[in-house]
Amino acid sequence: EAVEGNMIITVDKMNLLQAAMIHSISWKESHRSFCVPDFVEIHTPERQQEYVQNKMNCGSKFYMLVEDMPVGVVSVKECLIEDLYILPDKQKMGYGTKLLRFAIEQCTDIPTLWILENNTNAKRFYHKMGFKETGRIHAITKRINEIELSLA
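A short tour of the structure in this document, coming up. (Residues numbered from 1 in each chain as written. Predicted model: local features only at pLDDT ≥ 70, side-chain atom pairs only at ≥ 80, totals over all residues. Heavy atoms only, no water.)

## Some details on the overall build of the protein chain
In terms of regular secondary structure, the protein chain is built from five helices and seven strands. Mapped in sequence order, the helices and strands of the protein chain form the string β-α-α-α-β-β-β-α-β-α-β-β. Scaling as 2.2 N^0.38, a compact globule of 152 residues should have a C-alpha radius of gyration of about 15 Å, and the protein chain matches this with 15 Å. When its C-alpha atoms are laid out on the principal axes, the protein chain stretches across 55 × 35 × 30 Å. Classification of the 152 residues of the protein chain by burial places 41% in the buried group. Counted over contacts in the protein chain with a minimum sequence separation of 6, partners at least 24 positions apart contribute 58%. Of the accessible surface of the protein chain, which amounts to about 9,100 Å², a share of 53% is contributed by carbon and sulfur atoms. Measuring between centres, the 18 positive side-chain charges of the protein chain sit 5 Å from its 20 negative side-chain charges. (Helix = DSSP H or I, 4+ residues; strand = E, 2+ residues; numbered from the N terminus. Rg over C-alpha atoms; globule rule 2.2 N^0.38 Å. Buried < 20%, exposed > 50% of the residue type's maximum accessible area, 1.4 Å probe, protein only. Contact = heavy atoms within 4.5 Å. Areas by Shrake-Rupley, 256 points an atom, 1.4 Å probe, with all protein chains shown as cover. Lys, Arg positive; Asp, Glu negative; His and termini not counted. Charge placed at Lys NZ, Arg CZ, Asp CG, Glu CD.)

Pasting the structure below:
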């Protein structure tokens, strides 16, 4: 009989470290080109485990996409999608699209998300998935802004 090759599971205490490892590895890889090395390197699995746990304590739901092994994570809080990370060697294989579609279904209202304005890969991916800039901006540092995208 046909078996679904991959599944999306809820992150809990049992698999939290796995989720944190994906988050750490992927975050470092995606931010390396525009963040200082010291800042990139502090994003260890232990630090990201604390980050994920804190977000879950504050009402975010984390999900992990598992194929033969865990390949990606995403979080959803009401209609805010965050923390969409796919392991670097598993990117460009449709996992991000699958996780994002799943996350969109979990949203209670029009899905929104924030990306760093200089993250061109993320911008291209979300535009392809139908997200548009809303015009809302957060200043992260003096030099870098986060921009809001919405599926409206």
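## Here's the deal with the packing of aromatic side chains
This structure, assessed with the given rule, holds four aromatic pairs. When the ring of Trp27 is compared with that of Phe39, the centres are 5.6 Å apart and the planes differ by 70°; the resulting orientation is edge-to-face. On the criterion of sequence distance, the pair formed by Trp27 in helix H1 (residues 16-31) and Phe39 in helix H2 (residues 37-41) is long-range, its members being 12 residues apart. With relative accessibility at 9%, the residue Trp27 sits in the buried group. With a centroid separation of 5.7 Å and 70° between ring planes, the pair formed by Tyr126 and Phe131 is classed as edge-to-face. For the pair formed by Tyr126 and Phe131, the shared burial category is buried. By way of ring pairs, the aromatic residues Phe125, Tyr126 and Phe131 are connected into one cluster. (Phe/Tyr/Trp six-rings, centres within 6.5 Å; stacked < 30°, edge-to-face > 60°.)

## Quick word on the layout of surface pockets
Of the pockets and cavities examined, the largest pocket occupies roughly 1,600 Å³. Considering the residues around the largest pocket, the lining is formed by 48 residues, among which Ser30, His31, Tyr85, Asn119 and Ala122 are closest to the centre. Contributions of two or more residues to the lining of the largest pocket are made by H1, helix H3 (45-57), strand S4 (80-86), helix H4 (95-106), strand S5 (112-116) and helix H5 (120-128). No other element matches H5, which puts seven residues into the lining of the largest pocket. (1 Å grid on protein atoms, 1.4 Å probe; cavity = no way out; pocket = protein on both sides within 12 Å on 5 of 7 lines; lining within 4 Å. Points joined across faces, edges and corners; volume = space filled by probe spheres on them.)

## Notes on a positive patch on the surface
On the surface, a cluster of positive charge is contributed by Lys92, Arg101, Arg124 and Lys128. Looking at the secondary structure, you find Arg124 in helix H5. (Patch = residues over 30% accessible without salt bridge, like charges linked within 9 Å, V, L, I, M, F, W, Y side chains within 5 Å. Salt bridge = Lys/Arg side-chain N within 4 Å of Asp/Glu carboxyl O.)

## Some remarks on the pairing of strand S3 (residues 70-77)
With seven of eight residues buried, S3 is to be regarded as a mostly interior element. Judged from the six bridges that link them, strand S2 (residues 61-66) and S3 form a sheet pairing that is antiparallel. Within S3, the position partnered with Leu65 by the bridge is Gly72. Between the end of S2 and the start of S3, which pair antiparallel, lie three residues. The loop that links S3 with its antiparallel partner S4 comprises two residues; one of these, Glu78, has a positive phi angle of about 60°. (Pairing = 2+ DSSP bridges.)

## A look at the pairing of S5
Within S5, five of the five residues are buried, which leaves it mostly tucked inside the rest of the structure. Residues Thr112, Trp114 and Leu116 line one face of S5 and the alternating positions Leu113 and Ile115 line the opposite face, and both faces are buried. As defined by bridge partners, S5 adjoins strand S7 (residues 145-150) across five bridges and the pair is classed as antiparallel. Within S7, the position partnered with Ile115 by the bridge is Ile147.

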